[in-house]
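Coordinate analysis (summary)
One-letter residues, chain by chain:
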Amino acid sequence: MAIDLAATTAVPADRIVGRPGGRGRRPAARRRRTLIAYLFLAPFLALFVTFVIVPAVFGVWISLTNWSPFRDSQDFIGLKNYLDLFTAGSTTSADFWNSMRATGLFVVLSVPFLVVVPLFIAVLLNRKLRGATFFRTVFFAPYVLGVAIVGVIWSYVFDTQSGILNHLLGLFGLPSDTPWVVDTPWVWVSLVGVTVWWTAGLNTVIFLAGLKGINTDLYEAAALDGAGAARTFFSVTLPGLRPVMIFITTTTILASANMFGQSFLLTNGGPGNETRTAIMYIADQGLSQNNMAPASAMSYVLFAFLAIISVVNFRLQRERSEKAAS
Amino acid sequence: MTDTAVRPATTKPSRPVRRRSPRRAGDLTAYAVLGALALVVIFPLIWMLLTSVKTDADAVRNPYALPSPPSLEAYQTLLLSGQQPIFLWLWNSFAAATLQTVLILVTASMAAYALARLDFAGRNIVFGLIIATLLVPPVVFLIPNYLLVENFGWLDSILAITVPGAASAFGVFFLRQFFLGIPPEIEEAARIDGAGDFRIFFQVALPLARPALATLAVLSFLGNWNDFLWPVYVLLSPENMTLQPGLAMLQGAFRTHFGIVMAGAAIASIPVLILFAFAQRQIVDSVAGAAVKG
C-alpha cells in the first residue's frame, strides 16, 4: 500500500542468491535462469496481461472510436470523444462535468472528516486504556460489512417518514422532518456521515499503528520541558505521524474520488443528478446506456485528475525518505 | 496528553505502568468520548436487529417502538419468498472471496519471488510495468474488462468476479518487499544442499513468508468481499449474486417493508461480524501493518 520505490530497487539479485559461478558467464546458463524466472512469473503474467495490460490499451482504443456493442466493426474517430467532453453543449460534457463536480465536492467534504475523526479516536485509544481493543474492534467493524449492508441500514435510519434519526432529533426538540437522502444540502451531510461511519475505523487503526511507532523518548522529553497536552500533540505527535498522515490523506482522497456505492444506494445520484459521482456516471454511460466510447474517454480524464494527486503524493513521500536518509 | 509521556521507555510495549492519580481525569473523559462514539457506531446495527424482529404491520405502524411482540415474520417472508436467496449470496460471497484470495496468493507469491530473488532478462521492465499499473484507478479497466468478460462468456458467473481481479499488482509489490527482507543466507544454505529454485521457493521462502501471505490474504479477502460496482454490473441473475449486489436488489424489491429489508441486512451482517470478532486482531493488524510498513 505505502509505496517506497527508493527502497525496493537497490539489491542486485545475483548478490542475494550468491549463485556460484556468477551471472551471465555462460549464455546457456543465463537463458536457463531466465526461463525458470518466467515459469515463476507465468501464472501472474497471464492474468496481468489479460486483465490489466490488454484492457488498459483496449480502453484507449475504445475511447478513440465510436464503439457500439451493436455493430461488428468500429470506426476510428480520433480524439472526438475527448474533445466532446471539453466542448460545452455536447451530449456528454454537461453531465460529465456535473458528475466530476459531485466527486470533487464529495472529496472536499469527506476527506477532512475521514482524517480528523480517526486521528482523534486513535489518539484516545493510544492512551492504553483498559478495553482499548474492544473500542478498536467496534470502530473497525462497520468496514467489514461492505457498502451495500451499510447503505441498506442507513437508508432506513435516514428515511424521512419512518427513520429513527429524525425521530431522535425530534425528541431533542430539533426539526424532525429533515430530508436526509432527498434534498440538498442534507444529501451531502448523509453521504459524508455514512462514509465516516463506514470507513473511519480503517484510518483509525492505521493512525494507531503510526502512533505506536513514535519514539516514547520524545514524549518524555516533552514532559520534562513542561509541554502541555496541546503542545505535545502539535510538536511531537503530528510531526511523528507525518508519513502515515501523507499515506492516509492520499488513500482517502483516492477512495473518496472513487465513491460509488453510497450515492448508488442512498440517494441514487439525486436530487436531480446532484450526487451522481463521476464513477457512477461513467459506469451508467458505459455499461447501462452502451455509450462505451465516451465513457472510456471519461475514465481516462478522471484518471488524469487522480494521477496528479498520486504524483503529488509520490513527491511528498520521496521528500520524506530523503529527509529520513540525511 | 502529557500524562502519556510519563510511561518509562523501558517497559514492555504492551504493559504500561499505570499511574492512577494523574491519569484518571483524562482517562474518564476518554472513556466518555469513546463510549459515546461506540454507541453511534453500534446503534444502527441494534436498530437493524430490532426492526428485523418486528412484524410488517408493527414496523409500519410503530417504527420507533420496541417490537411488540418480537416476531420472526420478516425472516420467514424473506426466506420463503424464494426471490431473494440470501444464504446463496452469503455462500457466493465467501466462495468468490476465497477463490480470488487463493489465486492472488499463488500467482503473486511466485511472481514476487522471481522479481526479488531471480536474475533474468527483462526483470526491470516487468517490475516497472507492474508498479506503473498500481497508479491506475480501477474505473479505467471497467469498460474494457466488461467487454472481455462478456466475450469469454463469464458474465453472470463466479469467474467474472474472481479471475480479472486476481491480477494483483499490489500483491506482487507487497510480497516482493517481504522476500527482499529475508536474509539470503537461508536460501544459500539450501542451494548448497543442492535444492533447485522451485524447491527453495516452496520449502524455504514460502514458509518464511507466512505472515506476509496471511496479511495479503486478509486484504484480498476484504477487498473482494467489499467490492460493489463490478458485481453490480457483471452479475445478473439472483442466484448468482454476491451479498453486495444482492442486498441492493433486496432493498429495491421490498422498498418500504423495512422489517424485511432489515432481516436481510441482519442475515448478511451477523456471520461477517462474528467472523470479524474472532479474527479481529489478525484483520486489524494486517490492514494497519500493510499501510505503515509496506
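Residues numbered from 1 in each chain as written. Chains lettered and ligands numbered in written order. Predicted model: local features only at pLDDT ≥ 70, side-chain atom pairs only at ≥ 80, totals over all residues.

**Let's talk about the overall build of chain A**
Our working definition: Secondary structure elements follow DSSP: runs of H or I no shorter than four residues count as helices, runs of E no shorter than two count as strands, and numbering proceeds from the N terminus. Radius of gyration here is computed from C-alpha atoms only, and the compact-globule reference equals 2.2 Å multiplied by the residue count raised to the power 0.38. Here a residue counts as buried when 20 or more other C-beta atoms sit within 10 Å of its C-beta, as exposed when there are 12 or fewer, and as partly exposed otherwise, the C-beta atoms being derived from the backbone. In this description, any two residues whose backbone-derived C-beta atoms lie within 7 Å of each other are considered to be in contact.
The helix and strand tally for chain A stands at 14 helices and zero strands. For 326 residues, the compact-globule formula gives about 20 Å, and the C-alpha radius of gyration of chain A, at 25 Å, lies well above that figure. Taken along the three principal axes of its C-alpha coordinates, chain A extends 85 × 70 × 30 Å. Scored against the burial criterion, the 326 residues of chain A give a buried share of 39%. Here the analysis covers contacts within chain A between residues at least 6 apart in sequence; of these, 66% occur between residues at least 24 apart.

**Section: the interface of chain B and chain A**
For clarity, the cut-off: Residue polarity is assigned by list, with Asp, Glu, Lys and Arg as charged and Ala, Val, Leu, Ile, Met, Phe, Trp, Tyr, Cys and Pro as nonpolar; anything else, Gly included, falls into the polar class.
Across the contact, 91 residues belong to chain B and 97 residues belong to chain A. No other element matches helix 13 (residues 258–293) of chain B, which puts 18 residues into the side of chain B that touches chain A. Of the residues that constitute the side of chain B that touches chain A, the class distribution is 70 nonpolar, 14 polar and seven charged.

**Topic: the UniProt feature "domain: ABC transmembrane type-1" (unreviewed entry) in chain B**
We count it as follows: UniProt positions are given in the numbering used here, feature names are shortened, and annotations may be inferred rather than shown by experiment.
With numbering aligned to this structure, UniProt lists the feature "domain: ABC transmembrane type-1" (unreviewed entry) at residues 90–279 of chain B. Between the end C-alpha atoms of residues 90–279 of chain B there is a gap of 18 Å, over a span that is 75% helix and 0% strand.

**Focus on helix 11 (residues 242–257) of chain A**
Rule in force here: Expected helix span is computed as 1.5 Å times (number of residues minus one).
In this model, helix 11 of chain A (16 residues) spans 22 Å end to end at C-alpha, consistent with the 22 Å of a helix rising 1.5 Å per residue. Buried residues of helix 11 of chain A: Val244, Phe247, Ile248, Thr252, Ile253, Ser256 and Ala257 of chain A, and no others.

**Things to note about the domain arrangement of chain B**
The cut-off we apply is this: Domain limits in this description derive from either an automatic procedure or a database domain assignment.
Each domain of chain B was delimited in the assignment, giving domain 1 (2–79) and domain 2 (83–254). Between the C-alpha centres of domain 1 of chain B and domain 2 of chain B there is a distance of 34 Å.

**Looking at the UniProt feature "transmembrane region" (unreviewed entry) in chain B**
Residue and element names in this part refer to chain B. Mapped onto the present numbering, the UniProt feature "transmembrane region" (unreviewed entry) falls on residues 28–50, 86–113, 125–146, 158–179, 200–222 and 258–279. Across residues 28–50, the secondary structure splits into 100% helix and 0% strand, with the terminal C-alpha atoms separated by 31 Å. Structurally, residues 125–146 comprises 77% helix and 0% strand, and the distance from its first C-alpha atom to its last is 27 Å.

**Focus: the domain arrangement of chain A**
Domain boundaries in chain A define domain 1 (24–54) and domain 2 (98–325). Centre-to-centre separation of domain 1 of chain A and domain 2 of chain A, based on C-alpha positions: 40 Å.

**Some points on the confidence of the model for chain A**
Rules: The pLDDT score gives, residue by residue, the confidence of the prediction method on a 0 to 100 scale.
Averaged over all residues, the pLDDT of chain A is 87; the fraction at 70 or higher stands at 90%. Across residues 1–24 of chain A, where pLDDT falls below 50, the model places 32 contacts with residues more than four positions away in sequence or in other chains.

**Thoughts on the nonpolar core**
The condition that has to hold: As used here, a nonpolar core is made of buried Ala, Val, Leu, Ile, Met, Phe, Trp, Tyr and Cys residues. They are joined through C-beta atoms within 7 Å.
Core analysis: the largest hydrophobic core is formed by 165 residues, its most contacted members being Ile206 of chain A together with Ala111, Val172, Leu175 and Ala265 of chain B. Ranked by residue count, the leading element in this core is helix 13 of chain B, at 16 residues. Beyond its immediate stretch of four places on either side in the chain, leucine 175 of chain B contacts Ala108, Ser109, Ala112, Ala209, Ala212 and Leu216 of chain B.

**Looking at unusual backbone geometry**
That bond from glycine 270 of chain A to proline 271 of chain A is cis: its omega, 0°, falls within 30 degrees of zero. Considering the arrangement of structural elements, one finds proline 271 of chain A in the loop between helix 12 (261–267) and helix 13 (278–288). Here the amide bond leading from serine 68 of chain B into proline 69 of chain B is cis, since omega sits at -15°, within 30 degrees of zero. Within the secondary structure, proline 69 of chain B sits in the loop between helix 2 (56–61) and helix 3 (73–81). Despite not being glycine, lysine 128 of chain A has its phi angle at roughly 60°, a positive value. Summarising the element assignment, lysine 128 of chain A is placed in the loop between helix 4 (93–125) and helix 5 (132–145). Of note in this structure, asparagine 290 of chain A is not a glycine but carries a positive phi near 60°.

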